[in-house]
Amino acid sequence: MIIDFHTHIFPEKVAEKAIPKLADVIHIAPSTNGTADSLLDSMARAGIHTSVILPTVTNVKQFDSIIRFAQSINERDFSENGPRLFSIAGIHPDMCDYKEKLTLIQRMGFKGIKIHPDYQGVYFDDIRYMRILDKASELGLFTITHAGYDPYSPEKVHCTPERVRRVLDEVMPQKLILAHMGCNEFYEESEELLVGQDIYLDTAYSICHMDGKQLCRMIKSHGAHRILFGTDTPWTDQAEAVSVLRSLPLEDEEREQIFWKNARELLA
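Rules of the game
- Residues numbered from 1 in each chain as written.
- Predicted model: local features only at pLDDT ≥ 70, side-chain atom pairs only at ≥ 80, totals over all residues.
- Heavy atoms only, no water.
- Helix = DSSP H or I, 4+ residues; strand = E, 2+ residues; numbered from the N terminus.
- Rg over C-alpha atoms; globule rule 2.2 N^0.38 Å.
- Buried < 20%, exposed > 50% of the residue type's maximum accessible area, 1.4 Å probe, protein only.
- Areas by Shrake-Rupley, 256 points an atom, 1.4 Å probe, with all protein chains shown as cover.
- Lys, Arg positive; Asp, Glu negative; His and termini not counted.
- Charge placed at Lys NZ, Arg CZ, Asp CG, Glu CD.
- Salt bridge = Lys/Arg side-chain N within 4 Å of Asp/Glu carboxyl O.
- Contact = heavy atoms within 4.5 Å.
- Pairing = 2+ DSSP bridges.
- Axes fitted to C-alpha atoms, helices over the stretch in contact; angles between N-to-C directions.

**What about the overall build of the chain?**
(1) Moving on: Across its full length, the chain holds 11 helices and 9 strands.
(2) Moving on: Expected size for 268 residues packed as a compact globule is a radius of gyration near 18 Å; at 17 Å, the chain falls within 12% of this value.
(3) Moving on: Across its three principal directions, the C-alpha atoms of the chain cover 45 × 40 × 35 Å.
(4) Moving on: Looking at the chain as a whole, 58% of its 268 residues qualify as buried.
(5) Moving on: Carbon and sulfur atoms make up 46% of the accessible area of the chain, which totals about 12,000 Å².
(6) Moving on: Charge separation in the chain, taken as the distance between the mean sites of 29 positive and 40 negative side-chain charges, equals 5 Å.

Have a look at this one:
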């Protein structure tokens, strides 16, 4: 079994405009057209059983529509033996009623939330995020955040290893997941400051772009039980990412933990 813990889709009409626009801004050719059916086709080619959808709420007014779309994904009927999609929720740091919104998310059955400091224009160690992390921990929700460089915000990196360590020291959030092996394109700093901390790292995008020896070393040092396989599709090809992980000199148990065991525990 393989669970891709980091993917993105949009409603079809939104995807038609959003994917070409984003691709033009970040200069990355998408591997899917950003729709659910296109992702399912990609999963079938890559041998992936489940993809976790990570929605980003870029402004407060989007919350309700994004929650409805996420809920519709989780209510969708899939063939019994075919690939499946599972969405988490999103939240924006400017929501004054964040406690009520997080409680609603938990009551609706969502397992976690996504935040994106670059898209939301807020530094990760801002009090608004720390409050969200604290409440999410109280509710048993996991939080996954973009970490490191993002071409959407090239002049400002809103989530650096130093800012993450400050949050870890002050809030001690439970079930925090840092995308892109802790900090995209800041892998040395991530290895120094974040590896070994009580957090999860996902392999999204980085798996196909960072040095394989460093990737394997970070997995071994951090512990495979705290690494999640992710691709960042449509910005990485799922089949290519699967192939890279299979090629790493890991033990069979380590590979299974990364491919699906750790994800299954978080989604239970």
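Read on, since the account is not over.
**Some words on the pattern of salt bridges**
(1) Moving on: For the structure on display, the rule yields 12 salt bridges.
(2) Moving on: As a salt-bridge pair, Asp-94 and Arg-128 come within 2.6 Å of each other at their nearest N and O atoms. You can see Asp-94 sitting in the loop between β4 (89-90) and α4 (98-107) and its partner Arg-128 sitting in helix α6 (residues 127-139), a full 34 residues away along the chain.
(3) Moving on: A relative accessible area of 30% places Arg-128 in the partly exposed class.

**What to know about the environment of Ala-268**
(1) Moving on: Mapped onto the elements, Ala-268 comes out in the segment after α11 (252-267).
(2) Moving on: Taking the C-alpha atoms as reference points, Ala-268 and Gly-112, 156 residues apart in sequence, are found 11 Å from one another.

**A short note on the side chain of Thr-236**
(1) Moving on: Inspection of the secondary structure puts Thr-236 in the loop between β9 (227-228) and α10 (238-247).
(2) Moving on: The buried category is assigned to Thr-236, whose relative accessible area is 5%.
(3) Moving on: Discounting residues that sit within four places of it in the chain, Thr-236 has contacts with Ser-31, Tyr-205, Cys-208, Thr-231 and Ala-241.

**Some words on the sheet that holds strand β5 (residues 112-115)**
Consider a sheet: its strands pair through backbone hydrogen bonds, and that pairing is either parallel or antiparallel.
(1) Moving on: Within the open sheet, the 6 strands sit side by side as β4-β5-β6-β7-β8-β9. Their pairing is parallel. If you trace the sheet from one side to the other, it starts and ends with β4 and β9, each paired once.
(2) Moving on: Sheet topology note: the strand β8 (residues 200-202)/β9 ladder contains 2 bridges and is parallel. Bridge assignment links Leu-201 to a residue of β9, and that residue is Ile-227.

**Quick word on the sheet that holds strand β2 (residues 50-53)**
(1) Moving on: Reading across the sheet, the 3 strands line up as β1-β2-β3 and stay open at both edges, with parallel pairing between neighbours. Because the sheet does not close on itself, it has two edges, and the strands there are β1 (3-7) and β3 (84-87). Shown here is a sheet whose adjacent strand axes are inclined to one another by a mean of 25°, direction ignored.
(2) Moving on: Strand direction decides the pairing type here: β1 and β2, joined by 3 bridges, are parallel. For Asp-4, the partnering residue across the bridge sits in β2 and is Ser-51.

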